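# An overview of the molecular structure
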Amino acid sequence: MEKWDASGGFDTKGSGSAKVHIRMQQRNGRKSWTTVQGFPESVRLPKSGRVLQVDFDKILRGLKKSFRTNGTLIKDEEHGTIIQLQGDIRKEVAEFLIDATAIVTKDQIMIHGS
């Protein structure tokens, strides 16, 4: 997974892989999942330059408490850590990731299907 620089974005050449993808997957009937993938594994602080690991458990806990839903973390070799939440809360999750975590910006989030 690419490293995230809070001052300049992901440390990648192509801008296509520097996106955080938020998708909705239909389960059965009215039930659905919201998945977040492409979230950076580590963050480099702008002033000190220190690299810190992203605490996905803490982000998941915040999402679950904020939106009163259940969720899980899925570890995938190709896609990294995927956050999976119950319900269709794509826009709310995008706002949470921009405002509460401040790790990603609005132009780095891609919401699919809305």
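Above this text sits the structure in question.
About the criteria used
- Along each chain, residues carry numbers from 1 onward, in the same order as the chain's sequence is written.
- The model is predicted, so local features are restricted to residues of pLDDT at least 70 and side-chain atom pairs to those at 80 or more, both for listing and for counting; the totals for chains, interfaces and linings are taken over all residues.
- Hydrogens and water molecules were not included; the side-chain quantities draw on all heavy atoms of the structure.
- Elements are defined by DSSP. Helices are runs of H or I of four residues or more, strands are runs of E of two residues or more, and each kind is numbered from the N terminus.
- For every residue, the accessible area obtained with a 1.4 Å probe (protein chains only) is divided by the maximum for its type, and the residue is called buried under 20%, exposed over 50%, and partly exposed between those limits.
- Only heavy atoms enter the contact rule, under which two residues are in contact if any of them lie within 4.5 Å.
- Residue exposure ignores everything except the shown protein chains as possible cover, and the areas themselves are Shrake-Rupley values with a 1.4 Å probe.
- By salt bridge we mean one thing: a side-chain nitrogen of Lys or Arg within 4 Å of a carboxyl oxygen of Asp or Glu.
- Only strands joined by at least two bridges in the DSSP assignment are considered to pair.
- An axis is simply a line fitted to the C-alpha atoms; with a helix, the fit covers only the stretch in contact. Between two such axes, the angle follows the N-to-C directions and lies from 0 to 180 degrees.
- Here a Phe, Tyr or Trp ring, Trp counted by its six-membered ring, pairs with any other such ring whose centre lies within 6.5 Å, and the pair is stacked when the planes are under 30 degrees apart, edge-to-face when over 60, and tilted otherwise.
- In this description, a nonpolar core means a group of buried Ala, Val, Leu, Ile, Met, Phe, Trp, Tyr and Cys residues linked to one another through side-chain atoms lying within 4.5 Å.

The next subject is the overall build of the chain. Summing up its helical and strand segments, the chain has two helices and nine strands in all. Counted from the first residue to the last, the chain has its helices and strands arranged as β-β-β-β-β-β-α-β-β-α-β. The buried share of the chain, reckoned over its 114 residues, is 39%. Of the contacts made within the chain by residues no fewer than 6 positions apart, 50% connect residues no fewer than 24 positions apart. A total accessible area of about 7100 Å² is found for the chain, and carbon and sulfur atoms account for 47% of it.

Moving on, we come to the pattern of salt bridges. A full pass over the atoms with the stated rule returns one salt bridge. Between Arg90 and Asp88 there is a salt bridge, with the nearest N and O atoms lying 2.9 Å from each other. For Asp88, a relative accessible area of 38% translates into the label partly exposed.

Judged by pairing direction, the sheet is mixed, and its five strands sit side by side in the order β7-β8-β4-β3-β9 without closing on themselves. The sheet is open, and its two edges are formed by β7 (71–76) and β9 (109–111), each paired on a single side. Sheet twist, expressed as the average angle between the axes of neighbouring strands with direction ignored, equals 20 degrees. Against the sheet, helix α1 (residues 56–67) contacts β7 and β8 (80–86), and its axis sits at roughly 15 degrees relative to β8.

With that out of the way, let us pick up the packing of aromatic side chains. Scanning the model with the defined rule gives two aromatic pairs in all. Ring geometry for Phe39 and Phe56: centres 5.9 Å apart, planes at 70 degrees, overall edge-to-face. Of this pair, Phe39 sits in the loop between β4 (32–37) and β5 (42–44) while Phe56 sits in helix α1, and the two are 17 residues apart along the sequence. Phe56 matches Phe39 in its accessibility class, with the two residues each being buried.

Among the nonpolar cores identified, the biggest contains 21 residues, and Phe39, Ile83, Val93 and Leu97 are the most heavily contacted of them. Apart from the residues lying within four places of it in its own chain, the contact partners of Ile83 are Thr34, Thr35, Val36, Phe56, Ile59, Leu60, Leu63, Thr72 and Leu73.

This paragraph deals with unusual backbone geometry. If you check the backbone angles, Arg68 has positive phi at about 50 degrees while not being a glycine. When you line up the elements, Arg68 lands in the loop between α1 and β7. Even without a glycine there, the phi angle at Ala102 is positive, about 60 degrees. Relative accessible area serves as the criterion here: at 56%, Ala102 is assigned to the exposed category.

Moving on: the pairing of β8. Burial runs high along β8: six of the seven residues are buried. Bridge analysis of β7 against β8 gives six bridges, and the strand direction is antiparallel. Among the inter-strand pairings, Ile74 is bridged to a residue of β8, identified as Ile82. The hairpin turn running from β7 into β8, its antiparallel successor, is three residues long.

All we've got here are geometric facts, nothing functional implied.
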